[in-house]
Amino acid sequence: MIVMKFGGTSVEDAKAMRNVAGIVMTNAVRRPLVVASACAGVTNALLTLARSSPEAGREHALAQVEELRVRHRKIAHDLFSGEVLFTVQSQIDAMMDELRDLVKSIAILGELTERSLDTIAGFGERLSTLLLCHHMKQQGADCVLVSAGDVLVTSAEYTRAVPLREAIDERASRIIAPLLEAGQIVITQGFLGATEAGVPTTIGRGGSDYSAALFGAALNAEEIQIWTDVDGVMTSDPSVIPNAKVIEEMTFREAAELAYFGAKVLHPATIQPAVEKNIPVRVLNSKRPDVGGTVIVSEGSFGARRGVTSIAYKEDITLITITSTRMLMMHGFLARVFAIFAAHRKSVDVIATSEVSLSLTVDSQENLEAIFGELRSVGAIEVVHDKSIFCVVGEGLKSSPSAVAKVFRTLDEHAIPVSMISLGASEINVTFVVEGKDIQRTALALHEAFFPD
Ligand code: ADP
Ligand code: ASP
Ligand code: MG
């Protein structure tokens, strides 16, 4: 079997859904499990309306629910007619009524919990898969919709629930495998899960790629396909670097570093389940299905020949420097600092230490004030916002001091100030921090240096 995951732009409207149905049906002999995201922009809209639901925002939130109703009814209208149209629109209405009732109850309670937020966030994928499944049936496909929540069991850490792998393996074998074996095309939702007790959860923004990998690993897929809106993983983000090139083949390690450092073409957690089972991940363009895309495998066929593979960056980074109030770092200083971050479930990206101070970066403002409060008991702290992390990735960096030198020579030539350099412990990345305002010129300069036209 194979897993075919389609992102938001791949299912954004009726035309896109028709296109997806065609791609899936062409691959029917490979026994696909289709994992779909919400239509582009819908998850953002749901989260915004949920956050405005308490009390004062109620009318605004209800108006947004109606906008979503209209958008999905229109897709149904473009895809179906007669009896089927009536059935699908009634199902959409039933879901939207459920959403409206949720918004009203949040308004009455005056409080939005993370649990309610997850239930609301899940409507996007429930709607898109409903439309896609009806459309494929209408096209003659023998397909069936399985609720992701019935299979993708997670912890109850709402909005960032942790998948429970053994339970997922068991349920996927029991619920999905027999359907695929019977020759049916199975469609399910990305991003969504549920606790053992069946309470809806989500596994983090952009999580549909991760869902695809989890399902693929549970079902021992031959391949996990990530269908998106670009031709594959590229030498840099094509929305910033117009002449970025497609990388035909890369290793899991390279992909993991890139995804972690901001290349949102793949969710960072996607790679792990695929690595464990050695399942190749292929990134493809749903608008240009005949282009070969990128294949991500355990060992590249290019050996050690290649230097740098790609350049990624993460913006809105906060740089925190903690200086021990004693002259020299006491033992236990690092442990105390990291315990504070761990207690707030905050992940740290880049780290640099000296004898008396420690600098580190984090990528969101969430919980920061509380963390600062506790850090002050350990040392003096200095905080700088609006930084950006750049990460230059490539298996070839391991064996090539000249590639590392070229990174910094390029920055020097363009007079781009750098702080916090880290030659990644994985040996395949060079990571450094620049000012937020320098993102564009840093990306352009490095791309031109490593991938000249
Ligand atoms: P989907 O909705 O299909 O999951 P995403 O928007 O999450 O798609 O990811 C695709 C986007 O990732 C592309 O449109 C592109 O702008 C961005 N991107 C960032 N870095 C890269 C890269 N190195 N290669 C390809 N795309 C990238
Ligand atoms: N729809 C979800 C999001 O926008 C998951 C995904 O698209 O991967 O975050
Ligand atoms: Mg994505």
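Description of the structure in this document.

Some details on the overall build of the protein chain
1) Next: For the protein chain, the count of helices and strands is 14 helices and 16 strands.
2) Next: Rg of the C-alpha trace for the protein chain: 23 Å, near the compact-globule value of 22 Å for 453 residues, within the 12% margin.
3) Next: When its C-alpha atoms are laid out on the principal axes, the protein chain stretches across 75 × 55 × 40 Å.
4) Next: Out of the 453 residues belonging to the protein chain, those deemed buried represent 55%.
5) Next: Nonlocal contacts in the protein chain, meaning residues at least 24 apart in sequence, comprise 76% of its contacts between residues at least 6 apart.
6) Next: With the model as given, the accessible surface of the protein chain reaches about 19200 Å², and the carbon-plus-sulfur share is 53%.

Details of the nonpolar core
1) Next: Judged by nonpolar contacts, the single largest core of 104 residues is most densely connected at F6, L33, M136, I176, I224 and I296.
2) Next: Broken down by element, this core gets its largest block of residues, eight residues, from helix 4 (residues 82-109).
3) Next: If we skip the residues at most four places from it in the chain, I224 touches V3, A212, A213, G216, A274, I279, P280, V281 and R282.

Examining the pairing of strand 9 (residues 281-285)
1) Next: Most of strand 9 is tucked away, with four of its five residues classed as buried.
2) Next: Where strand 7 (residues 223-228) meets strand 9, five bridges bridge the pair, whose relative direction is parallel. Pairing of W227 across the sheet is with L284, part of strand 9.
3) Next: Two strands pair when backbone bridges link them, and strand 9 and strand 10 (residues 294-297) are joined in this way by three bridges, in the antiparallel orientation. What sits directly across from V283, in strand 10, is T294.

Section: the sheet that holds strand 10
1) Next: A sheet is described by the order of its strands in space; here eight strands give the open sequence 3-4-2-1-7-9-10-8, paired in mixed fashion. Only two strands of the sheet have a single neighbouring strand rather than two, namely strand 3 (143-145) and strand 8 (249-251). Ignoring strand direction, the axes of neighbouring strands in this sheet form an average angle of 20°.
2) Next: In this sheet, strand 7 lies alongside strand 1 (residues 2-6) in parallel orientation, the contact comprising five bridges. Across the sheet, residue F6 finds its bridge partner in strand 7, namely W227.
3) Next: Sitting on the sheet, helix 9 (residues 252-260) touches strand 8, strand 9 and strand 10, and the angle it makes with strand 8 is about 85°.

As for empty space enclosed by the protein
1) Next: In this structure the tally under the stated criterion is one cavity of 30 Å³ or more.
2) Next: Approximately 30 Å³ is the volume found for the largest cavity.
3) Next: What lines the largest cavity is V233, M250, A255, L258, A259, A263, V265 and L266.
4) Next: The biggest single contributor to the lining of the largest cavity is helix 9, with three residues.
5) Next: Looking at the lining of the largest cavity residue by residue, the class counts come to eight nonpolar, no polar and no charged.

Description of the packing of helix 1 (residues 14-26) against helix 6 (residues 123-138)
1) Next: Between helix 1 and helix 6, the least distance of the axes is 10 Å, while the angle of their chain directions is 60°. Accordingly, the angle class assigned to the pair helix 1 and helix 6 is oblique. Classified by chirality, the crossing of helix 6 by helix 1 is right-handed. Contacts between helix 1 and helix 6 pair M17, R18, V20, A21, V24 and M25 from the former with S128, L131, L132, H135 and M136 from the latter.

Some points on the sheet that holds strand 15 (residues 419-423)
1) Next: An order of 12-13-11-14-16-15 is seen for the six strands of this open sheet, with the pairing classed as antiparallel. The open sheet is flanked by strand 12 (351-353) and strand 15, the only strands paired with a single partner. Between one strand and the next, the sheet's axes are offset by a mean angle of 25°, whatever the strand orientation.
2) Next: The strands touched by helix 9 within the sheet are strand 11 (310-324), strand 14 (379-393) and strand 16 (429-435), with strand 11 carrying the most contacts at an inclination of about 65°.
3) Next: Its contacts with the sheet place helix 14 (residues 439-450) against strand 11, strand 14 and strand 16, and it is angled at close to 35° to strand 14.

A few points about the site of ligand 1
1) Next: Taken together, the neighbourhood of ligand 1 is formed by 17 residues, with K5, T228, D229, M234 and D237 sitting nearest.
2) Next: Between an oxygen atom of ligand 1 and a main-chain N or O atom of G8, the distance comes to 3.2 Å.
3) Next: Contacts to ligand 1 include D229, whose side-chain N or O atom sits 2.9 Å from an oxygen atom.
4) Next: Considered on its own, ligand 1 offers 580 Å² of accessible surface; in the complex 86% of this is hidden by protein.
5) Next: Here the shell around ligand 1 is built from residues that sort into seven nonpolar, six polar and four charged.

Digging into the side chain of E395
1) Next: Mapped onto the elements, E395 comes out in the loop between strand 14 and helix 13 (401-413).
2) Next: Within the structure, E395 has its side chain in polar contact with the side chain of K398 (distance 3.2 Å).

Reading the values: the criteria
- Residues numbered from 1 in each chain as written.
- Chains lettered and ligands numbered in written order.
- Predicted model: local features only at pLDDT ≥ 70, side-chain atom pairs only at ≥ 80, totals over all residues.
- Heavy atoms only, no water.
- Helix = DSSP H or I, 4+ residues; strand = E, 2+ residues; numbered from the N terminus.
- Rg over C-alpha atoms; globule rule 2.2 N^0.38 Å.
- Buried < 20%, exposed > 50% of the residue type's maximum accessible area, 1.4 Å probe, protein only.
- Contact = heavy atoms within 4.5 Å.
- Areas by Shrake-Rupley, 256 points an atom, 1.4 Å probe, with all protein chains shown as cover.
- Core = buried A, V, L, I, M, F, W, Y, C linked by side-chain atoms within 4.5 Å.
- Pairing = 2+ DSSP bridges.
- Axes fitted to C-alpha atoms, helices over the stretch in contact; angles between N-to-C directions.
- 1 Å grid on protein atoms, 1.4 Å probe; cavity = no way out; pocket = protein on both sides within 12 Å on 5 of 7 lines; lining within 4 Å.
- Points joined across faces, edges and corners; volume = space filled by probe spheres on them.
- Nonpolar A, V, L, I, M, F, W, Y, C, P; charged D, E, K, R; others polar.
- Parallel < 35°, antiparallel > 145°, perpendicular 65-115°, else oblique.
- Left-handed = near helix turned anticlockwise from the far one by under 90°.
- Near = heavy atom within 4 Å.
- Polar contact = N/O pair within 3.5 Å; in protein donor to acceptor, adjacent residues only side chain to side chain.

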